[in-house]
Amino acid sequence: MQPFDFIQPDTIDGTITALSNHTPNVRILNGGTDYLVELKHVHQSPGVIVDISRLTGIKGISLIDEGLRIGSGVTHTEIMSNPMVKEHVPAMIDAAHVVGAVQTRNLGTIGGNLVTCVPSMDSGPTLMALDAQVTILGPNGKRQSSLQDFFVGPRKTSLNIDELLLDIIIPKENLGKPAKFIKFGLRKGQALALVNAASALWLRDGKCTDVRIALGAVAPVVIRAKKAESVLEGNKLTDNLIDEAAKVAIREAKPIDDFRASKEYRNDLIEIAVRRTLKSAMLNSK
Ligand SMILES: Cc1cc2nc3c(=O)[nH]c(=O)nc-3n(C[C@H](O)[C@H](O)[C@H](O)COP(=O)(O)OP(=O)(O)OC[C@H]3O[C@@H](n4cnc5c(N)ncnc54)[C@H](O)[C@@H]3O)c2cc1C
């Protein structure tokens, strides 16, 4: 491991100052489950590491005027056991539950998961299906972004080097929205997703509205399958329509062929994942 300086600020303002003072040779450390692995293999020192794992301002889950706020320092284990998450966005528990092993979930944070921006991240699809917004803080103040704008490419987000991901907000109109997350890997535990997916929809007068289908591990970033969504939008949810939407979703994805799975296999998984998540969301609506 290359040598580096280490700063552990007590406050969010102190964190932004530390990031600004050391840009561009600075990196944030949160739970460290992803970054420490990377750090062991880099040939150049990161310069300064700013440890935010003890910052109270990025902890906690609370209901605010805009919706459900989840601090970027909240761990996957905390999400799994939080009563507000269970009541308002239970699909997030399904997603948190399948991240790595218990040790990874105890240390790894939702903020770190989103910022790694790997296509197979398990937090992304559910949050995207629920129209979550991220709050970003930098030297020029706060800004909000949708996840679609936040995810730029593999391991690349719209965050600047001197910015901190502060929190994730699930808008209040989506609290309680029927949603389901599913992950397919080579094993049930400790495996990256070959395909993961989340669907969310409201059923009003028997018809679907605000349909969201988000897919992971099938494109450079987590994506929405908008054409599949529009197959369902405004229509009565039937098994036939769900089958059609699941087939359309395949055409919106660009899965890779690699040592873990072929493109054809991943396409089959997309169809199954979309069908199952939609059916489950439908059942949850009744
Ligand atoms: C064995 C193992 C298994 C894993 N399995 C899975 C899995 O099944 N599913 C999955 O999705 N992931 C998995 N991961 C990846 C990782 O554990 C998660 O992505 C985790 O949530 C990362 O969070 P962290 O707090 O540890 O991030 P860190 O490692 O601390 O940071 C990751 C990156 O995000 C940046 N960062 C972190 N927090 C912030 C912030 N608030 N603001 C700005 N930048 C920030 C850091 O600078 C770094 O670039 C696994 C990792 C390991 C080692």
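Residues numbered from 1 in each chain as written. Predicted model: local features only at pLDDT ≥ 70, side-chain atom pairs only at ≥ 80, totals over all residues. Heavy atoms only, no water.

(A) View of the overall build of the protein chain. The helix and strand inventory of the protein chain stands at 12 helices and 14 strands. For the protein chain, the spread of C-alpha atoms along the principal axes amounts to about 60 × 45 × 30 Å. Here the protein chain holds 286 residues, and the buried ones make up 52% of them. Contacts in the protein chain between residues far apart in sequence, at least 24 positions, make up 62% of those at least 6 positions apart. Carbon and sulfur atoms form 52% of the exposed surface of the protein chain, whose accessible area is close to 13400 Å². (Helix = DSSP H or I, 4+ residues; strand = E, 2+ residues; numbered from the N terminus. Buried < 20%, exposed > 50% of the residue type's maximum accessible area, 1.4 Å probe, protein only. Contact = heavy atoms within 4.5 Å. Areas by Shrake-Rupley, 256 points an atom, 1.4 Å probe, with all protein chains shown as cover.)

(B) Fine view of the site of the ligand. In the vicinity of the ligand lie 30 residues, with Ile 28, Thr 33, Tyr 35, His 76 and Thr 109 positioned nearest. Contacts to the ligand include Tyr 35, whose backbone N or O atom sits 2.7 Å from an oxygen atom. Contact distances for the ligand include 2.6 Å between an oxygen atom and a side-chain N or O atom of Thr 109. Across the complex, the protein chains shield 88% of the 980 Å² of accessible surface that the ligand would expose by itself. Elements that contribute at least two residues to the shell around the ligand include exactly β2 (26-29), α7 (110-116) and β10 (164-171). Looking at which element gives the most residues to the shell around the ligand, the answer is α7, with 4 residues. Split by residue class, the shell around the ligand holds 12 nonpolar, 14 polar and 4 charged. (Near = heavy atom within 4 Å. Polar contact = N/O pair within 3.5 Å; in protein donor to acceptor, adjacent residues only side chain to side chain. Nonpolar A, V, L, I, M, F, W, Y, C, P; charged D, E, K, R; others polar.)

(C) Local environment of the layout of surface pockets. If you add up the space inside the second largest pocket, you get close to 250 Å³. As for the second largest pocket, its lining consists of Asp 94, Val 98, Phe 181, Ile 182, Lys 183, Phe 184, Gly 185, Arg 187 and Lys 188. For the lining of the second largest pocket, the leading source of residues is strand β11 (residues 179-184), giving 4 residues. The residue makeup of the lining of the second largest pocket, split by class, is 4 nonpolar, 1 polar and 4 charged. (1 Å grid on protein atoms, 1.4 Å probe; cavity = no way out; pocket = protein on both sides within 12 Å on 5 of 7 lines; lining within 4 Å. Points joined across faces, edges and corners; volume = space filled by probe spheres on them.)

(D) Representation of the packing of aromatic side chains within the structure. Scanning all chains against the criterion turns up 1 aromatic pair. With a centroid separation of 6.0 Å and an interplanar angle of 55 degrees, the aromatic rings of Phe 150 and Phe 151 are classed as tilted. The pair Phe 150 / Phe 151 is uniform in exposure class, with both members buried. (Phe/Tyr/Trp six-rings, centres within 6.5 Å; stacked < 30°, edge-to-face > 60°.)

(E) Representation of the nonpolar core. One finds Leu 114, Phe 151, Ile 170 and Leu 215 to be the most contacted residues of the largest nonpolar core, which totals 73 residues. Composition of this core by domain shows at least three residues from each of domain 2 (56-174) and domain 3 (179-284). Setting aside its immediate chain neighbours within four residues, Leu 114 contacts Met 121, Ser 123, Gly 124, Leu 127, Val 134, Leu 147, Phe 150, Phe 151, Thr 157, Leu 165 and Ile 168. Counting residues in each nonpolar core, the second largest holds 13 residues, with Ile 16, Leu 55, Ile 58 and Leu 137 among its members. (Core = buried A, V, L, I, M, F, W, Y, C linked by side-chain atoms within 4.5 Å. Domains from an automatic or database assignment.)

(F) Highlighting the sheet that holds strand β13 (residues 207-216). Across the sheet, which stays open at both edges, the 4 strands sit in the order β11-β12-β13-β14 with antiparallel pairing between neighbours. Edge positions in the sheet fall to β11 and β14 (223-224), since each has one partner strand and no second. Relative to β13, strand β12 (residues 195-204) runs antiparallel, the two sharing 8 bridges. Paired with Leu 203 across the strands is Cys 208, a residue of β13. In the packing of helix α12 (residues 263-284) onto the sheet, contacts are made with β11, β12 and β13, and the angle to β12 comes to roughly 30 degrees. (Pairing = 2+ DSSP bridges. Axes fitted to C-alpha atoms, helices over the stretch in contact; angles between N-to-C directions.)

(G) Examining the pairing of strand β3 (residues 48-51) more closely. The side-chain alternation of β3 yields two buried faces, one formed by Val 48 and Val 50 and the other by Ile 49 and Asp 51. Direction of pairing for strand β1 (residues 5-7) relative to β3: parallel, over a ladder of 3 bridges. Along β3, the bridge assignment pairs Phe 6 with Ile 49. Both β2 and β3 contribute to a ladder of 4 bridges, which runs parallel. Residue pairing across strands places Val 26 opposite Val 48, the latter belonging to β3.

(H) Summary view of empty space enclosed by the protein. A full pass over the atoms with the stated rule returns 1 cavity of 30 Å³ or more. Counted as a void, the largest cavity has a volume near 50 Å³. Lining the largest cavity are His 76, Ile 79, Met 92, Ala 95, Ala 96, Ile 110, Ser 123, Thr 126 and Leu 127. Sorting the residues of the lining of the largest cavity by element identifies α3 (76-80), α5 (91-97) and α8 (124-129) as the ones contributing at least two each. Here the element with the most residues in the lining of the largest cavity is α5; it accounts for 3 residues. Looking at the lining of the largest cavity, its residues break down into 6 nonpolar, 3 polar and no charged.

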